[in-house]
Amino acid sequence: MRLTSIAQLRLPFGRLYGYDVAVSPPAGALPLSFDQRRHVGVGERPGSWMGVSFRLAETLSKDHLAAAWLAVIARHGTLRSVVDPGDGDGPRLHQVHVGAGRWVEHPIGAGQAVEAAVRDVFDRRCTPFSTPSHRICVLKTAAGPTVIVAADHTHVDMWSMLVIVRDLVAALRGTHDGAGPALPPAPDFADHTRALADRPAAPVDVRRRWAEIMHVGAGGMPVFPLPLGPSAPHPERVEVRDVLGTAACAALAESARSAGVSTLTSAVSAMTAVTAELAGSALRAVFPVHSRHDDAWHDSVGWFITNSVLESGDPEPGACARAVKAAVRLGSYPLEELLRPWGGMPATPGMFAISWLDLRRLPVRVPPECLDMHYVGASIATDGVMLWFILDESGLHLRCRYPDTYEARANVGAWLDAVVLRLQAAARAPQPQS
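Rules of the game
- Residues numbered from 1 in each chain as written.
- Predicted model: local features only at pLDDT ≥ 70, side-chain atom pairs only at ≥ 80, totals over all residues.
- Heavy atoms only, no water.
- Pairing = 2+ DSSP bridges.
- Helix = DSSP H or I, 4+ residues; strand = E, 2+ residues; numbered from the N terminus.
- 1 Å grid on protein atoms, 1.4 Å probe; cavity = no way out; pocket = protein on both sides within 12 Å on 5 of 7 lines; lining within 4 Å.
- Points joined across faces, edges and corners; volume = space filled by probe spheres on them.
- Nonpolar A, V, L, I, M, F, W, Y, C, P; charged D, E, K, R; others polar.
- Polar contact = N/O pair within 3.5 Å; in protein donor to acceptor, adjacent residues only side chain to side chain.
- Contact = heavy atoms within 4.5 Å.
- Salt bridge = Lys/Arg side-chain N within 4 Å of Asp/Glu carboxyl O.
- Buried < 20%, exposed > 50% of the residue type's maximum accessible area, 1.4 Å probe, protein only.
- Core = buried A, V, L, I, M, F, W, Y, C linked by side-chain atoms within 4.5 Å.
- Expected span 1.5 Å × (residues − 1).
- Arc of directions from axis to C-beta.
- Phe/Tyr/Trp six-rings, centres within 6.5 Å; stacked < 30°, edge-to-face > 60°.
- Lys NZ or Arg CZ within 6 Å of the ring centre and 35° of its normal.

K.L.:
Outline the sheet that holds strand β5 (residues 81-84), listing residues and values.
P.N.:
Pairing within the open sheet is antiparallel, and its three strands lie in the order β3-β6-β5. The sheet terminates laterally at β3 (29-30) and β5, the two strands that pair on one side only. The sheet contact formed by β5 and strand β6 (residues 92-95) spans four bridges and is antiparallel. Paired with Ser81 across the two strands is Gln95, which belongs to β6.

K.L.:
Just give me the short version of empty space enclosed by the protein, but keep the residues and values in it.
P.N.:
Summed over the entire model, instances satisfying the criterion amount to one cavity of 30 Å³ or more. Of the pockets and cavities examined, the largest cavity occupies roughly 30 Å³. Classifying every residue of the lining of the largest cavity by side-chain character gives five nonpolar, three polar and one charged.

K.L.:
Now, about the layout of surface pockets: what can you tell me, with residues and values included?
P.N.:
Reported here for the second largest pocket is a volume of approximately 400 Å³. Broken down by element, the residue count for the lining of the second largest pocket peaks at six residues, all from helix α5 (residues 189-197). Counted by class, the lining of the second largest pocket contains 14 nonpolar, eight polar and five charged residues.

K.L.:
Could you give an account of the side chain of His94, with specific residues and numbers?
P.N.:
Inspection of the secondary structure puts His94 in strand β6. Polar contacts involving the side chain of His94 include one to the side chain of Asp84, which spans 2.8 Å. If we ignore the near neighbours within four places in the chain, the residues touching His94 are Pro26, Ala27, Gly28, Ala29, Leu30, Arg80, Ser81, Val82 and Asp84.

K.L.:
Hey, could you go over the pattern of salt bridges for me, with residue numbers and the actual values?
P.N.:
Per the counting criterion, the structure on display carries 26 salt bridges. Between Arg15 and Glu105 there is a salt bridge whose closest N-O contact spans 2.7 Å. Placement of Arg15 in strand β2 (residues 15-23) and of Glu105 in strand β7 (residues 98-106) is noted, with a sequence separation of 90 residues between them. Owing to a relative accessible area of 48%, Arg15 belongs among the partly exposed residues under this scheme. The class for Glu105 is partly exposed, based on a relative accessible area of 37%.

K.L.:
Got a sec to walk through the nonpolar core? Specific residues and values, please.
P.N.:
Inside soluble globular proteins, nonpolar side chains tend to come together where they are buried. By size, the foremost hydrophobic cluster in this structure holds 68 residues, and its most contacted members are Leu65, Trp69, Ile136, Val147, Leu168, Trp210 and Tyr375. Of the residues forming this core, the biggest block, eleven residues, is contributed by helix α4 (residues 158-177). Among the nonpolar cores identified, the runner-up in size contains 41 residues, and Cys320, Val324, Ile354 and Trp415 belong to it.

K.L.:
Kindly report on helix α7 (residues 246-258), identifying the contributing residues and their values.
P.N.:
The first and last C-alpha atoms of α7 sit 18 Å apart over 13 residues, in line with the 18 Å expected at 1.5 Å per residue. All of the buried residues in α7 are Cys249, Leu252, Ala253 and Ala256. The arc enclosing the buried residues of α7, seen along the axis, measures out at 100°, which places them on a common side. Of the residues flanking the end of α7, it is Gly260, one or two places downstream, whose phi is positive at about 75°.

K.L.:
How would you summarise the packing of aromatic side chains if you had to cite specific residues and measurements?
P.N.:
Applying the stated criterion to the full structure yields eight aromatic pairs. An angle of 70° between the planes, with centres 5.2 Å apart, marks the rings of Trp49 and Phe122 as edge-to-face. In this pair, Trp49 sits in strand β4 (residues 49-55) while Phe122 sits in helix α3 (residues 114-125), placing the two residues 73 residues apart along the sequence. With a relative accessible area of 4%, Trp49 lands in the buried category. Following the ring pairs from residue to residue traces out a cluster consisting of Phe189, Trp297 and Phe304. The side chain of Lys62 reaches across the aromatic face of Tyr17, ending 4.5 Å from its centre.

Below is the structure:
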């Protein structure tokens, strides 16, 4: 499974259809999580969605796909909720009823790339205040159907996209078997938001550590350690790299195990060393961590990601392991109260974030029916650097988004080159003899 952007997704040419569901007027109020509120607080805009695409080998009835999609929506409460901007007291989240609708064709213009047409659909339909802010599309081609699903980030994270695909395929199997596409209900993300609010307050040492982090950043979040050019949003540049194949990835994992650490720690060690060499500073980055603390949430859809900060100044594996452990602990407490002295999580120009996702360790698997599956990111203007590492059965991959300036091309590119080379060298290093 690859991680790419809509601009780099290579979709086959065909007829593009989207499913218009019927949505009732807003009803009961639901709680907005800290991260949801921060996201929708930026306002209505394109490019705030995340998606997934995959091919199916067999022909697909649009009626069956619609029925399966409605079953997925019925299973997950966040897909039956909408946000309105409010009238002075801030954004509000409401329940809605989602029912059967109709398929509409989205024309692909003369000379228009298919992925550009898909981007236009999602940029219009998957925004913070859309009703609903998710969309399923299908490309009908002679070689078979390609399904593309997207939702505003308010309602999903990357783990959730896997759950959506798994549940969609399970519902499709039901339609093929004649049993119907019904799926059992899953715990609602709104209940997770309530549960987080009821968690004990963060201990004193965690509060103190957050205060130190914010002090070092002059009240802002960590920024990329090398110049990125003029401090303003620029069109994004997205790089997707295959870092290690299956055998090399296994060798890196074995090397990490022999040092008593994880593969993630080895990556942090490489990034720490490169940052010291090129920037003369410690590695400091926003570090997303998941909040699915209990197994009950593993099959739910929602934004189960919160943020921490990773600080690593010593590339020695043990020191990096401690840095990762400290970052995970910092992200284990609700941020709303912790960051209140700074007005919430600041939108810091040049912000640097590093995400790590090992798909092999998730309790959700890509169904075998899904071919050529991709995580798909929206195209945006940005002033910061976001780095995703993805580990799957084919190896280690990365995707990096940064502002497309001369300085960022040179500096982020050189940093990525050095990190990739260091990881590849670590994978080739001789293993100690037992």
